[in-house]
Amino acid sequence: MSNDAATAEAAGTTGTAPVPEPIPHGLGASLPPADARAKTEGTFPYAADLWAEGLLWAAVLRSPHPHARIVSVDTTHAREMPGVRAVVTHEDVPGAPLHGRGGRADRPVFASEVVRHHGEPIAAVAADHPDTARMAAAAVIVEYEVLAPVTDPEQAFEAEPLHPDGNLIRHIPLRHGDPDAAGEVVVEGLYRIGRQDPAPIGAEAGLAVPRPDGGVELYLASTDPHADRDTAAECYGLAPEQVKIVVTGVPGATADREDQGFQLPLGLLALKTGCPVKLTATREESFLGHVHRHPTLLRYRHHADAEGRVVKVEAQILLDAGAYADTSSDALAAAVAFACGPYVVPNAFIEGWAVRTNNPPSGHVRGEGAMQVCAAYEAQMDKVAKKLGLDPAEVRLRNVLATGDVLPTGQTVTCPAPVAELLQAVRDFPLPALPKDTPEDEWLLPGGPEGAGEPGAVRRGVGYGIGMVHMLGAEGADEVSTATVKVQGGVATVLCAAVETGQGFTTLARQIVQDTLGIDEVQVAPVDTDQPPAGAGCRGRHTWVSGGAVERAAKMVRTQLLQPLAHQFGMSTELLQIADGKITSYDGVLSTTVTEALDGKELWATAQCRPHPTEPLDEAGQGDAFVGMAFCAIRAVVDVDVEIGSVRVVELAVAQDVGRVLNPAQLTARIEAGVTQGVGIALTENLRTPRGLIRHPDLTGYALPTALDAPDIRIVKLVEERDVVAPFGAKAVSAAPVVASPAAVASAVRAATGRPVNRLPIRPQAAVVTGG
């Protein structure tokens with residue numbers, strides 16, 4: 001036998017060519033991301049890598065004080081420095097002086113009279129070298145009259161107004177049922193949720209290029225380019241068509257990606273100098289500038305009967321919005337609406353407030369509002385179970401929501417709500433082995449290898465968290481997206497302004513077109529504001545509205561492709577199907593390939609997707625405010641060293657209702673990422689702001705969970721009960737685990753220690769058992 005033959009036989013081929021692995025195709029397949037190779041090879045076009053001929057560099061001067069009156073700003077020294085091309089302040093803003101997200105324009109481009117938070121922009125500089133720009137920014141002389149900051153949100157009600165609009169951003173009083181209802185068991189609790197930073201991977205950066213028509217192009221990792229364009233145009237005093245935003249590669253986003261505090265100065269500097277201007281923010285500037293999760297104070301009282309069924313919930317929810325409104329109104333609506341959790345509560349009386357302080361600004365972060373209240377209502381369910389001597393999972397099962405039940409807002413849950421099925425799945429999943437059964441894993445005890453903890457001081461706890469989130473916008477938000485599908489030369493191209501933020505939209509768009517048209521090669525065009533708007537990349541919007549728009553456009557192209565064939569054979573297009581790149585009729589008379597049917601044709605169609613409308617909550621907190629909801633149940637297993645208070649999350653078992661699995665690998669990654677983010681909220685992430693000053697604005701002082709902190713994540717069940725009003729029946733998957741996992745970890749620590757654990761992140765002293 002020859003060496004070649006022997007090799008072939010050993011490989012199991014006996015001289016025949018190896019059978020290639022099938023390429024993933026269409027919906028339901030684990031199609032790999034199109035940008036995976038570019039990201040791993042370092043060729044992905046991030047904003048920080050951009051360059052332009054004649055480039056200038058920008059730097060922003062930020063306030064060192066959380067609250068101060070600006071007496072004067074002297075830019076003389078900065079302007080006179082060699083290499084400095086421009087210095088801009090509030091006096092150089094030609095258009096609207098205020099901007100903001102969430103429909104509330106209350107934030108200045110540059111502080112003019114008053115500084116309202118640490119790091120607020122005062123001036124910006126453009127120079128021919130980044131070091132020169134930074135030195136020039138530092139050379140701007142600002143005289144401040146330092147004022148006492150208001151940092152306690154409870155004090156904001158009585159404090160002097162921090163803003164012309166006052167300190168109260170929104171108040172929602174929710175009234176549902178009988179105020180005199182009472183239960184045989186009453187439990188109360190006071191809970192605090194810390195300030196989480198979204199800590200986006202990759203530098204926040206941007207490039208502004210002036211246009212010959214007097215406008216400007218901004219190259220940004222924007223997650224909502226059309227909204228950012230409109231804000232910029234208004235501030236620059238330009239028409240929207242004179243401002244173009246080109247979305248560069250987004251490294252990842254779990255919140256509003258880019259700080260408008262440097263987006264807007266970039267364009268001003270480019271317009272003033274007539275040159276391209278680039279700014280790459282340091283990590284410190286990111287911490288100072290972009291929004292954070294709302295720190296929240298929650299007071300709860302639950303009434304339950306002797307069987308553990310909830311009779312009434314009373315709650316007060318106070319969100320610290322920081323200096324400006326941003327999306328605090330939306331976060332408050334979610335917090336109040338979901339304050340009772342995915343449980344049937346016949347009587348609910350909730351008071352919710354969002355207030356301004358001199359703390360860093362808060363805004364959209366994945367699961368906003370819902371995450372904070374989940375930690376509180378799940379702690380309350382643990383207290384009910386403990387007081388009645390019942391199993392915590394059983395108490396939850398006796399109260400869970402189902403399709404057809406009514407929320408405290410009066411909205412009927414019409415989407416699939418398999419909450420009981422999810423909870424039963426995680427409850428019944430086998431528990432992990434105890435450390436004593438696997439002594440070789442002793443180093444995994446709290447404290448890690450050579451840690452200070454002693455195995456004899458370790459206690460194990462099991463806890464539960466059930467989270468719910470809304471999808472799309474709420475309270476009357478116009479959720480619409482537009483997409484175009486073009487087919488030419490056997491290649492399909494999707495044009496849609498939905499930004500790929502890591503949620504997998506570009507992969508989904510390719511799968512939709514593959515599934516609908518039977519074309520393997522599908523490209524997704526880069527995003528810019530010359531395309532019709534698609535809205536923000538949050539709350540699973542793009543899976544629903546942008547994916548729906550792509551599907552509708554692809555189906556219109558499909559009709560264009562099939563009509564000539566159907567006419568030729570005297571049948572309707574509904575009797576033809578496309579599968580595996582072939583077009584066949586129901587009776588087998590027609591059989592051809594998609595490539596032959598295209599035959600050099602150029603086909604295209606544009607379509608929109610707009611879900612059914614919602615309505616704002618009324619003066620009693622009532623209304624059909626949400627399009628759809630998603631649910632997640634998590635069981636946490638933790639080991640706690642009760643002498644030193646260290647906590648290790650051993651395992652998180654996850655069950656989630658996903659509607660329909662569109663890409664198994666992508667869905668798994670999204671759930672695991674959301675769970676891990678929740679572990680950070682539970683144990684380590686807290687941006688400390690004593691007296692309004694951000695302490696340690698870097699990734700050494702702000703502790704993100706690492707690979708060593710990530711627990712074993714077991715996805716034990718995915719419930720595929722399709723939501724009939726959603727395209728493909730799919731639901732958003734990444735926010736619900738973020739909401740449920742911190743509550744589950746806290747519940748498990750309570751079970752291990754017997755301590756109340758009423759604050760997130762969990763501090764070591766909260767997990768110490770005296771004499772333990």
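Bear in mind the structure is a predicted one, so any value in this text is a computation, not a measurement. (Residues numbered from 1 in each chain as written. Predicted model: local features only at pLDDT ≥ 70, side-chain atom pairs only at ≥ 80, totals over all residues. Heavy atoms only, no water.)

## Considering the packing of aromatic side chains
- One pass over the structure, following the stated rule, counts six aromatic pairs.
- A ring pair is formed by F157 and W353, whose centres lie 5.8 Å apart and whose planes are at 85°; its orientation type is edge-to-face. Here F157 is found in the loop between β8 (141–146) and β9 (168–176), whereas its partner W353 is found in strand β17 (residues 347–356), with 196 residues between them in sequence.
- With a centroid separation of 6.1 Å and 85° between ring planes, the pair formed by Y343 and Y377 is classed as edge-to-face. (Phe/Tyr/Trp six-rings, centres within 6.5 Å; stacked < 30°, edge-to-face > 60°. Helix = DSSP H or I, 4+ residues; strand = E, 2+ residues; numbered from the N terminus.)

## Quick look at the sheet that holds strand β20 (residues 491–496)
- Strand order in the open sheet made by the four strands is β21-β20-β19-β25, with mixed pairing throughout. Of all strands in the sheet, those with a lone pairing partner are β21 (522–524) and β25 (602–609), marking the two edges. Averaged over all neighbouring strand pairs, the angle between strand axes comes to 20°, with direction disregarded.
- Packed on one face of the sheet, helix α12 (residues 505–517) meets β19 (481–488), β20 and β21 and runs near 145° to β21.
- Against the sheet, helix α13 (residues 541–568) touches β19, β20 and β25, its axis set at about 145° to β25. (Pairing = 2+ DSSP bridges. Axes fitted to C-alpha atoms, helices over the stretch in contact; angles between N-to-C directions. Contact = heavy atoms within 4.5 Å.)

## Considering the environment of Q380
- Looking at the element boundaries, Q380 is found in helix α9 (residues 370–388).
- The class for Q380 is buried, based on a relative accessible area of 0%.
- When sequence neighbours within four positions are dropped, the list of residues in contact with Q380 reads V187, E188, G189, Y191, Y300, R301 and H302.
- A polar contact of 3.2 Å, which involves the side chain of Q380, links it to the side chain of H302. (Buried < 20%, exposed > 50% of the residue type's maximum accessible area, 1.4 Å probe, protein only. Polar contact = N/O pair within 3.5 Å; in protein donor to acceptor, adjacent residues only side chain to side chain.)

## Notes on the pattern of salt bridges
- Under the defined criterion, the tally for this structure stands at 33 salt bridges.
- A salt bridge links R396 to D382; the nearest nitrogen and oxygen atoms lie 3.0 Å apart. Of this pair, R396 sits in helix α10 (residues 392–397) while D382 sits in helix α9, and the two are 14 residues apart along the sequence. Residues R396 and D382 agree in their burial class; the two are buried.
- Between R750 and D382 there is a salt bridge whose closest N-O contact spans 3.1 Å. (Salt bridge = Lys/Arg side-chain N within 4 Å of Asp/Glu carboxyl O.)

## So, unusual backbone geometry
- For the bond running from L760 to P761, omega is -5°, close enough to zero to count as cis.
- In this structure, P761 sits in the segment after β29 (759–760).
- For D599, which is not a glycine, the phi torsion comes out positive at approximately 45°.
- Given the relative accessible area of 63%, D599 is considered exposed.
- Located in the positive-phi region is H696, a residue other than glycine, with phi close to 55°.
- The topology assignment puts H696 in the loop between α15 (664–683) and β28 (712–719).
- Judged by relative accessible area, H696 falls into the partly exposed class, the value being 41%.

## Let's talk about the packing of helix α5 (residues 225–236) against helix α6 (residues 260–273)
- α6 packs onto α5 with a crossing angle of 50° between their chain directions and a minimal axis gap of 10 Å. When the axis of α5 is compared with that of α6, the two are oblique. Like other packed secondary-structure pairs, α5 and α6 cross with a definite hand, here right-handed. Here α5 contributes D228, T231, A232, C235 and Y236 to the contact with α6, which in turn contributes Q260, Q263, L264, G267, L268 and L271.
- Split into classes, the residues belonging to the contact of α5 with α6 amount to six nonpolar, four polar and one charged. (Parallel < 35°, antiparallel > 145°, perpendicular 65-115°, else oblique. Left-handed = near helix turned anticlockwise from the far one by under 90°. Nonpolar A, V, L, I, M, F, W, Y, C, P; charged D, E, K, R; others polar.)

## Some details on the pairing of strand β26 (residues 626–641)
- The buried fraction of β26 amounts to 16 of the 16 residues, a majority that puts the element mostly inside the structure.
- Summarising the sheet, strand β18 (residues 458–474) and β26 pair through 15 bridges and their orientation is antiparallel. Bridging from a neighbouring strand, G465 pairs with I634 of β26.
- Relative to strand β27 (residues 646–657), β26 is paired through ten bridges, and the arrangement is antiparallel. Residue pairing in the sheet places A636 in a bridge with L652 of β27.

Coordinates in, geometry out; function isn't part of it.
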